[in-house]
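What follows is each chain in one-letter form.
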Amino acid sequence: MDSTRLPGDPPLEVALRRSARARRYSLRISQLDGRVTLTLPRRAPMAEGLAFLREKEGWIRGHLAARPDDHAVALGGTVPFRGRALPIVTGPGRAPRLIDEALAVPGPAAGVAGRVQAFLKAEARAALAEAVDRHAGALGRPYGRLTLRDTRSRWGSCTSRGDLMFSWRLIMAPPQVLDYVAAHEVAHLAEMNHSPAYWAVVRRLMPDYAAPRSWLRANGAALHRVRFGD
């Protein structure tokens, strides 16, 4: 994807996207990372698109200024873990571990964010494997591979072959939210759609799924604002 830059303080990087379906110029600011995208009709002159972008600079900067700050993970700060803010402290040993309601992280301060991220990924894999095994067992359906990614557009997916993918950031949400997403994707092993029959399967696996589903819709963007030095 091409990009351009609006000068100013600070300068703004804007992604440029051509779309055959677009009938007019449009701007989008991602709630997840603040990324600005200008969509242009396929044959629209680039000069006109850039002029439109300059006209909307004030609108863009206003929305970016109102966007909540990112949450940087660092020693002495906190990281969301299973729905609570976990203090990050200096710890002994070779790997991060939970000690007295805090995450004790060994090693130089410069590498703390990366080690916290690795801890979260390991915890997410264990929690999701347990949840998937439990729901798939209740459904009586086998599944394929289970992979973790840092996806922005979805919290999980299920392929026609039964392979399951989840965002490792789910470990930062309350446990019932992770469990709901696991149930949501496992249900696709029986119904590869979002029909009433599909939601009946979700309800069978997790009768009280509405509350964690609502939590994720309201708070999911905040999980993506947790930054690990990337």
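Residues numbered from 1 in each chain as written. Predicted model: local features only at pLDDT ≥ 70, side-chain atom pairs only at ≥ 80, totals over all residues. Heavy atoms only, no water.

A. Here's a closer look at the layout of surface pockets. The space that makes up the largest pocket amounts to roughly 500 Å³. Taken together, 23 residues make up the lining of the largest pocket; nearest its centre are S153, R154, W155, H184 and L216. Counting residues per element, the ones that place at least two in the lining of the largest pocket are β11 (156–158), α4 (175–187) and α6 (210–224). Per-class residue counts for the lining of the largest pocket are 9 nonpolar, 9 polar and 5 charged. Taken as a whole, the second largest pocket encloses approximately 230 Å³ of empty space. Counted by class, the lining of the second largest pocket contains 2 nonpolar, 4 polar and 4 charged residues. (1 Å grid on protein atoms, 1.4 Å probe; cavity = no way out; pocket = protein on both sides within 12 Å on 5 of 7 lines; lining within 4 Å. Points joined across faces, edges and corners; volume = space filled by probe spheres on them. Helix = DSSP H or I, 4+ residues; strand = E, 2+ residues; numbered from the N terminus. Nonpolar A, V, L, I, M, F, W, Y, C, P; charged D, E, K, R; others polar.)

B. Main features of the nonpolar core. Counting residues in hydrophobic clusters, the biggest one holds 50 residues, and the most contacted among them are V79, V116, L120, F166 and F228. Examining the composition of this core, we find that 12 residues originate from one element, helix α3 (residues 112–139), more than from any other. Residues in contact with F166, not counting those within four places in the same chain, are L128, V132, L146, T147, L148, R149, W155, G156, V181, A182 and E185. Grouped together as the second largest cluster of nonpolar side chains are 14 residues, L27, L40, L53 and I60 included. (Core = buried A, V, L, I, M, F, W, Y, C linked by side-chain atoms within 4.5 Å. Buried < 20%, exposed > 50% of the residue type's maximum accessible area, 1.4 Å probe, protein only. Contact = heavy atoms within 4.5 Å.)

C. Main features of the side chain of T151. With respect to the helices and strands, the residue T151 is situated in the loop between β10 (146–149) and β11. There is a polar contact of 2.5 Å between the side chain of T151 and the backbone oxygen of R154. Once you skip the residues sitting within four places of it in the chain, T151 turns out to touch M165, S167 and H224. (Polar contact = N/O pair within 3.5 Å; in protein donor to acceptor, adjacent residues only side chain to side chain.)

D. Seen up close, the packing of aromatic side chains. This structure, assessed with the given rule, holds 6 aromatic pairs. Geometrically, the ring pair formed by F81 and F119 is tilted, given 5.5 Å between the ring centres and 45 degrees between the ring planes. In this pair, F81 is assigned in strand β6 (residues 78–81) and F119 in helix α3, connecting sequence segments 38 residues apart. Note on F81: relative accessible area 2%, which makes it buried. Accessibility expressed as a relative area gives 9% for F119, which makes it buried. Their ring planes at 65 degrees and their centres at 5.6 Å tell us that W168 and F228 sit as a pair that is edge-to-face. (Phe/Tyr/Trp six-rings, centres within 6.5 Å; stacked < 30°, edge-to-face > 60°.)

E. Local environment of the pattern of salt bridges. One pass over the full model with this rule turns up 8 salt bridges. Salt-bridge contacts for E13 lead to R5; the nearest nitrogen and oxygen are separated by 3.1 Å. The class of E13 is partly exposed, set by a relative accessible area of 43%. Of the residues examined, R5 reaches a relative accessible area of 54% and is grouped as exposed. A salt bridge links D179 to R134; the shortest N-O distance between them is 2.8 Å. Here D179, found in helix α4, pairs with R134, found in helix α3; they are 45 residues apart in sequence, far enough to count as distant. (Salt bridge = Lys/Arg side-chain N within 4 Å of Asp/Glu carboxyl O.)

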